[in-house]
Amino acid sequence: MSTPTSFDYTGLRALFINCTLKRSPEISNTQGIIDLSAALMRKQGVHVDVLRAIDHDIATGVYPDMTEHGWQTDAWPELFETVRAADILVIAGPIWLGDNSSVTKRIVERLYAMSGLFNEAGQYVYYGKVGGAIITGNEDGVKHCASNLLYSMQHIGYTIPPAADAGGIGAIGPGPSYLDPGSGGPESDFTNRNTTFMSWNLMHLAAMLRAHDGIPAFGNLRQAWDKGERFDFQANPEYR
């Protein structure tokens, strides 16, 4: 069986975006699970950044810089440099009314705003990067919220490994949250197992992509398509 020493993750960068509705320094239950995954990655030599989105003046919209579209300020263009530098992106947030938080949706929209940029290979900017999701709350919907995030991330170019999500919810309805004393959240074997599997799979896939210079740059170059390259595509195959 392989051991952690069989792999080299040094030089990889991971970014966790915490989409809690609570400003610092208020306790974020989402941060509790982020801390578990981040600690595991740091132990393997991964550089980890954590961003609490609500602490920053991130404008609403789907353009790269919303100050060009009527907003007075927009922290996103500067924050995006950390996103762009990360090999691994984990979007983490709570469930409200059975869905992702408003902050989570704003982050997805702003990621989408940058998705028309290109990487050094001429592919869309998120190609060669991997994505995961963490969900918390005290109402049902972990899989629904995670599936929405993982779909959105792959659609704009992220590669999603197996078991790329983790979450923790308490009893449905009013009750203790993940970090509350006696909640049982930190002791949940299900949450701890899924968080561990997610963390390792994100690192494995990021290292594999790094070793092979990302996704091959053939069949997925927008500029080449616009210039007439069709990558063996036949619009009207004769067998029809």
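Residues numbered from 1 in each chain as written. Predicted model: local features only at pLDDT ≥ 70, side-chain atom pairs only at ≥ 80, totals over all residues. Heavy atoms only, no water.

## Section: a nonpolar patch on the surface
Our working definition: A patch is a set of surface residues, each over 30% in relative accessible area and not in a salt bridge, joined within 9 Å for like charges and within 5 Å for the nonpolar side chains Val, Leu, Ile, Met, Phe, Trp and Tyr. Here the open area of atoms and residues is found with the Shrake-Rupley method and a 1.4 Å probe, where only the protein chains shown may cover a residue. A carboxyl oxygen of Asp or Glu within 4 Å of a side-chain nitrogen of Lys or Arg is what we treat as a salt bridge. We count a stretch as a helix when DSSP gives it H or I for four or more residues in a row; a strand needs E for two or more, and each element gets its number in order from the N terminus.
There is a patch of nonpolar side chains on the surface, built from Leu21, Trp96 and Leu97 and spanning about 380 Å² of accessible area. Here leucine 97 lies in the loop between β3 (88–96) and β4 (99–100).

## Some details on the packing of aromatic side chains
Put simply, the rule is: For this analysis, a ring pair means two rings from Phe, Tyr or Trp (six-membered ring only for Trp) whose centres lie within 6.5 Å, classed as stacked if their planes differ by under 30 degrees, edge-to-face if by over 60, and tilted for the remaining angles. The cut-offs for exposure are 20% and 50% of the maximum accessible area for each residue type, with area from a 1.4 Å probe on protein chains only; residues under the lower value are buried, those over the upper are exposed, and the others partly exposed. Ring-over charges, as used throughout, are those where CZ of Arg or NZ of Lys falls within 6 Å of the ring centre and within 35 degrees of the ring normal.
The tally for this structure, following the rule as stated, stands at nine aromatic pairs. Arranged with centres 6.4 Å apart and planes meeting at 50°, the rings of tyrosine 124 and tyrosine 127 form a pair that is tilted. Tyrosine 124 sits in the partly exposed class, given a relative accessible area of 23%. Geometrically, the ring pair formed by tyrosine 126 and tyrosine 158 is stacked, given 4.8 Å between the ring centres and 20° between the ring planes. With tyrosine 126 in the loop between α3 (102–113) and β5 (130–137) and tyrosine 158 in the loop between α4 (142–155) and β6 (165–169), this pair connects stretches of sequence that are 32 residues apart. Using a relative accessible area of 0% as the deciding quantity, one classes tyrosine 126 as buried. On the basis of relative accessible area, tyrosine 158 is assigned to the buried category, the value being 3%. Its guanidinium or amino end placed over the ring of tryptophan 225, arginine 230 lies 3.8 Å from that ring's centre, counting from NZ or CZ.

## Comments concerning the pairing of β5
Quick reminder of the rule: Two strands qualify as a pair provided DSSP detects at least 2 bridges between them. Here, the term right-handed applies to a crossover whose path from the first strand over the helix to the second runs clockwise when the strands point away from the viewer.
Where burial is concerned, most of β5 is hidden: seven out of the eight residues are buried. Pairing between β3 and β5: seven bridges, direction parallel. Within β5, the residue paired with isoleucine 88 across the bridge is valine 130. The sheet contact formed by β5 and β6 spans five bridges and is parallel. Residue isoleucine 135 lies in a different strand from β6, and its bridge partner there is glycine 167. For the segment spanning β5, α4 and β6, crossover handedness is right-handed.

## Thoughts on the UniProt feature "domain: NADPH-dependent FMN reductase-like" (unreviewed entry) in the protein
To keep it simple, the criterion reads: UniProt positions are given in the numbering used here, feature names are shortened, and annotations may be inferred rather than shown by experiment.
Under the local residue numbering, the UniProt record ascribes the feature "domain: NADPH-dependent FMN reductase-like" (unreviewed entry) to residues 15–162. Spanning residues 15–162, this segment combines 34% helix with 20% strand, and its end C-alpha atoms are found 19 Å apart.

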